[in-house]
Amino acid sequence: MAEDNNRNELLVPGADNAVDKMKEEVASEFNVELGADTTARENGSVGGEMVKRMIKIAEESMESRNK
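These numbers were taken from a predicted model, which means no experiment stands behind them.

### Focus: the nonpolar core
Thought 1: Grouped together as the largest cluster of nonpolar side chains are six residues: Met22, Val26, Ala27, Val32, Val46 and Met50.
Thought 2: If you list the elements that add at least two residues to this core, you get α1 (15–29) and α2 (40–65).
Thought 3: The element contributing the most residues to this core is α1, with three residues.
Thought 4: Those residues within four positions of Ala27 in sequence are excluded, and the remaining contacts are Val32, Leu34 and Val46.

Printed below as a string of structure tokens:
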């Protein structure tokens, strides 16, 4: 079995555009300019919020399938 060196690989084709859009939206809402000059805490806050939102989207999707 080949070793997967990219753990951040998106599993859904075309999802990279949606992820980038979400990242920009969250960064804008948090008044964070993403990049190397931004603190790890600020960059991390954007990533953390993205995970929360993706979990919420997944939960809502699962709930709608179960109805």
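### Quick notes on the environment of Val32
Thought 1: Looking at the secondary structure, you find Val32 in the loop between α1 and α2.
Thought 2: Taking relative accessible area as the criterion, Val32 reaches 11% and is therefore assigned buried.
Thought 3: Along the chain, Val32 and Ser45 lie 13 residues apart, while their C-alpha atoms are 9.1 Å from each other.

Cut-off values and rules
- Residues numbered from 1 in each chain as written.
- Predicted model: local features only at pLDDT ≥ 70, side-chain atom pairs only at ≥ 80, totals over all residues.
- Heavy atoms only, no water.
- Core = buried A, V, L, I, M, F, W, Y, C linked by side-chain atoms within 4.5 Å.
- Buried < 20%, exposed > 50% of the residue type's maximum accessible area, 1.4 Å probe, protein only.
- Helix = DSSP H or I, 4+ residues; strand = E, 2+ residues; numbered from the N terminus.
- Contact = heavy atoms within 4.5 Å.

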